[in-house]
Amino acid sequence: MKGKLENTSGIEIRETYGAGDVRAAGAPDPGVPGRFPFTRGVYETMYRGRLWTMRQYAGFGTADETNQRFRFLLDSGQTGLSVAFDLPTQMGYDSDHAMAAGEVGRVGVAIDTLDDLGILFDGIDLAQVSTSMTINATAAILLAMYVALADERGVPRDALAGTVQNDILKEFVARGTYIFPVEPSLRLVTDIFDFCARELPRWNSISISGYHMREAGCTAAQETAFTLGNGLEYVERAIQRGLSVEDFAPRLSFFFASHNDLFEEVAKFRAARRLWASLMRERYNASDRACLLRFHTQTAGSTLTAQQPLNNVVRVAMQALAAVLGGTQSLHTNAFDEALALPTADSAKLALRTQQILAHEAGVAGTADPLAGSYYVETLTAQLEGRARGYLAEIEERGGAARSIGYMVDEIQRAAYAYQLEIERGERVVVAVNDFREEEKEPRIDQPAFPELEARQRARLDEVRAGRNARAVEHALKHVSELAAGDGNLMPQIVEAVKARATLGEISGALRSAWGEYRAAS
């Protein structure tokens with residue numbers, strides 16, 4: 001490999017590295033694990049004290065089918081649940097809405113009512129499992145359902161552990177499953193912060209997500225900067241709401257992708273941890289506990305190929321290794337067949353086994369931050385931090401992340417276009433896509449019978465509507481709409497509405513009536 005070589009962030013990679021490169025990059029002493037600024041990890045003993053949570057993402061069809069997959073994964077050694085919701089659920093539509101036709105259960109589980117959530121967690125003790133819910137615009141409603149289910153089962157709220165993604169800014173920037181305008185959307189985010197601080201002490205009130213921006217094509221440096229920029233916006237909004245940094249910041253969590261360049265990814269995780277701790281200390285004089293950047297990682301779905309899909313097993317293992325070497329707190333490993341269809345039970349198990357082999361056979365969990373002191377890694381860590389600070393300065397000059405949505409969109413699109421051009425020119429090799437290709441048979445894809453699943457889900461929704469107290473539902477929805485038009489935390493009222501069996505779509509409709517919908521600039 002001759003000539004100039006750059007990583008995804010445009011940082012030139014030298015043929016060799018030494019102490020002079022570390023000094024030239026301005027890299028500080030990395031310190032020790034578990035101490036500010038936490039470059040080497042958020043805990044002193046890292047995985048010697050406790051392994052990362054193996055939290056495989058799952059959800060498809062109806063609650064019944066997904067419950068079976070949850071139980072299968074738990075029986076296979078998974079240590080935390082992670083729920084994928086279908087698009088109608090993410091967009092605030094019930095399964096019988098015209099906008100939901102053909103989409104029910106296709107990219108996640110369909111949840112219309114509290115009864116659906118009860119089926120989803122049938123036979124699963126909410127006091128004993130940690131649950132992550134990848135949901136944003138309707139995060140308040142799904143969290144309210146989870147709380148209501150715990151109440152009905154007699155599980156104390158302070159026993160509930162998990163995370164709700166609740167990161168609406170990255171939806172405006174990269175993913176698109178937004179409903180309401182920016183300002184009321186941010187109000188909902190801080191409502192959840194406030195509610196969790198008072199009611200759910202073990203619950204992470206947000207998962208500030210760079211993952212989807214990376215999947216949309218941003219670089220590692222952009223992923224770091226845009227994620228932390230959004231995080232700072234949420235912190236500012238919570239402070240404006242009257243919350244103390246020390247009350248909510250310790251429960252903030254983050255979510256990153258792990259891409260193909262192993263050393264760039266390790267350096268990215270270390271840089272993000274150090275940069276967040278430094279910003280929280282500089283701006284808010286936050287305690288060590290409130291400076292921690294704890295994060296979940298998912299291997300990069302955008303790197304999976306439909307061509308020669310078994311190669312994805314290697315990609316996923318490499319990306320998972322980067323996440324572990326970078327100090328992740330929990331990890332999802334993609335199944336090798338996800339570029340083709342929903343993962344089968346066998347491919348999902350293999351993805352979980354990949355984590356278990358890393359944890360118990362590879363020797364990487366034996367010591368904290370094993371790459372610390374590497375001339376290359378320390379230089380890259382400092383360089384990525386510097387680039388991220390540059391992007392953050394631009395976001396701050398524009399008035400913060402909420403006012404920088406267009407800027408971030410433009411930067412991601414430029415990076416994605418440049419990356420794709422490199423592949424098409426053959427400057428960046430993607431095995432089996434633009435090199436090492438083979439003639440392949442058309443893969444056989446087994447998919448669930450989605451029309452039948454949709455019909456069953458609609459029938460279940462009809463049953464719930466027929467059996468509930470219509471007047472109580474109407475009363476609860478009226479209160480949601482009135483509160484949305486005024487002030488006050490919406491979470492308690494949404495909890496009452498889901499207990500009355502108001503549907504997700506009806507509650508979203510009550511909020512739409514008060515706030516309207518967001519329309520992206522064309």
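In this report, the structure presented in the accompanying data block is examined.

The rules behind the values
- Residues numbered from 1 in each chain as written.
- Predicted model: local features only at pLDDT ≥ 70, side-chain atom pairs only at ≥ 80, totals over all residues.
- Heavy atoms only, no water.
- Helix = DSSP H or I, 4+ residues; strand = E, 2+ residues; numbered from the N terminus.
- Rg over C-alpha atoms; globule rule 2.2 N^0.38 Å.
- Buried < 20%, exposed > 50% of the residue type's maximum accessible area, 1.4 Å probe, protein only.
- Phe/Tyr/Trp six-rings, centres within 6.5 Å; stacked < 30°, edge-to-face > 60°.
- Salt bridge = Lys/Arg side-chain N within 4 Å of Asp/Glu carboxyl O.
- Core = buried A, V, L, I, M, F, W, Y, C linked by side-chain atoms within 4.5 Å.
- Axes fitted to C-alpha atoms, helices over the stretch in contact; angles between N-to-C directions.
- Parallel < 35°, antiparallel > 145°, perpendicular 65-115°, else oblique.
- Contact = heavy atoms within 4.5 Å.
- Nonpolar A, V, L, I, M, F, W, Y, C, P; charged D, E, K, R; others polar.
- Pairing = 2+ DSSP bridges.
- Polar contact = N/O pair within 3.5 Å; in protein donor to acceptor, adjacent residues only side chain to side chain.
- 1 Å grid on protein atoms, 1.4 Å probe; cavity = no way out; pocket = protein on both sides within 12 Å on 5 of 7 lines; lining within 4 Å.
- Points joined across faces, edges and corners; volume = space filled by probe spheres on them.
- Left-handed = near helix turned anticlockwise from the far one by under 90°.

## Notes on the overall build of the protein
Check the secondary structure of the protein and you find 20 helices and ten strands. Relative to the globule expectation of 24 Å for 522 residues, the C-alpha radius of gyration of the protein, 23 Å, shows essentially globular dimensions. Principal axes of the C-alpha set define a box for the protein whose edges measure 75 × 60 × 50 Å. Here the protein, with 522 residues, has 58% of them falling under the buried criterion.

## Some details on the packing of aromatic side chains
The tally for this structure, following the rule as stated, stands at 19 aromatic pairs. Each ring, one from Phe 263 and one from Tyr 376, has its centre 5.4 Å from the other, and the planes form 50°; the classification is tilted. Taken together, the positions of Phe 263 in helix α11 (residues 262-284) and Tyr 376 in helix α15 (residues 375-397) put the pair 113 residues apart, joining distant regions of the chain. Pairing Phe 269 with Phe 295 gives two aromatic rings, centres 5.1 Å apart and planes at 20°, and the pair type is stacked. Residue Phe 269 is found in helix α11, and its partner Phe 295 is found in strand β9 (residues 295-299); the two are separated by 26 residues along the sequence. The exposure class of Phe 269 is buried, given its relative accessible area of 1%. For Phe 295, a relative accessible area of 2% puts it in the buried group.

## Overview of the pattern of salt bridges
Overall, the coordinates contain 41 salt bridges when judged by the stated rule. Between Arg 157 and Asp 151 there is a salt bridge; the shortest N-O distance is 2.7 Å. In this structure Asp 151 comes out as partly exposed when scored by relative accessible area, which is 26%. Between Glu 152 and Arg 501 there is a salt bridge, with the nearest N and O atoms lying 2.8 Å from each other. Here Glu 152 is found in helix α5 (residues 139-153), whereas its partner Arg 501 is found in the loop between α19 (491-499) and α20 (504-515), with 349 residues between them in sequence. Residue class for Arg 501 comes out buried when judged on its relative accessible area of 17%.

## Digging into the nonpolar core
Phe 121 and Leu 143 are the most contacted members of the largest nonpolar core, which totals 134 residues. Sorting elements by how many residues they give to this core places α5 first, with twelve residues. If you look at the next biggest cluster of nonpolar residues, it comprises ten residues, including Tyr 17, Ala 220, Ala 221 and Ala 271.

## Focus: the packing of α5 against helix α7 (residues 182-199)
Contact geometry of α5 with α7 gives a least axis separation of 10 Å together with a crossing angle of 25°. The angle between α5 and α7 places the two elements in the roughly parallel class. Packed against α5, whose contacting residues are Ala 139, Ala 140, Leu 143 and Val 147, the element α7 presents Leu 188, Ile 192, Phe 195 and Cys 196 at the interface. Among the residues making up the contact of α5 with α7, the classes are represented as eight nonpolar, no polar and no charged.

## Considering the sheet that holds strand β10 (residues 330-332)
Pairing is parallel in the open sheet, where five strands are placed in the order β1-β10-β9-β8-β7. The two strands at the open ends of the sheet, each matched to only one other strand, are β1 (53-54) and β7 (206-209).

## Concerning the side chain of Lys 170
As for its position among the elements, Lys 170 is in helix α6 (residues 169-175). Within polar-contact distance, the side chain of Lys 170 engages the side chain of Gln 165 at 3.0 Å. Polar side-chain contacts of Lys 170 include one of 2.8 Å to the side chain of Glu 171. Setting aside its immediate chain neighbours within four residues, Lys 170 contacts Asn 136, Gln 165, Arg 175, Ser 209, His 212, Met 213 and Asn 230.

## A closer look at empty space enclosed by the protein
Following the criterion strictly, the structure yields three cavities of 30 Å³ or more and no others. Its volume calculated, the largest cavity comes out at about 70 Å³. Around the largest cavity sit Asn 136, Ala 137, Ala 139, Ala 140, Asn 166, Ile 168, Ile 179, Phe 180, Ser 185, Leu 188, Val 189 and Ile 192, which together line it. Among the elements of the structure, α5 and α7 are those that each provide at least two residues to the lining of the largest cavity. Counting residues per element, the lining of the largest cavity draws most heavily on α7, at four residues. Classifying every residue of the lining of the largest cavity by side-chain character gives nine nonpolar, three polar and no charged. Each pocket or cavity is described by its volume, and for the second largest cavity that value is around 60 Å³.

## With respect to the sheet that holds strand β2 (residues 57-58)
Ordered by their spatial adjacency, five strands build an open sheet running β2-β3-β4-β5-β6, and the pairing between neighbours is parallel. Looking at the sheet topology across the chains shown, the edges are occupied by β2 and β6 (203-204). Strand direction decides the pairing type here: β2 and strand β3 (residues 81-84), joined by two bridges, are parallel. Bridging from a neighbouring strand, Tyr 57 pairs with Ser 82 of β3.

## Regarding the packing of helix α13 (residues 311-325) against helix α14 (residues 345-360)
Axes are the key here: two packed helices are described by the angle between their axes and the distance separating the axes. Taken N-terminus to C-terminus, the directions of α13 and α14 make an angle of 45°; their axes are 10 Å apart at the nearest point. One way to sum up the angle between α13 and α14 is to call them oblique. Viewed along their axes, α13 and α14 form a crossing whose handedness is right-handed. On α14, the residues touching Val 313, Ala 317, Ala 320, Leu 321 and Val 324 of α13 are Leu 350, Thr 354 and Leu 358. Taken together, the residues of the contact of α13 with α14 sort by class into seven nonpolar, one polar and no charged.

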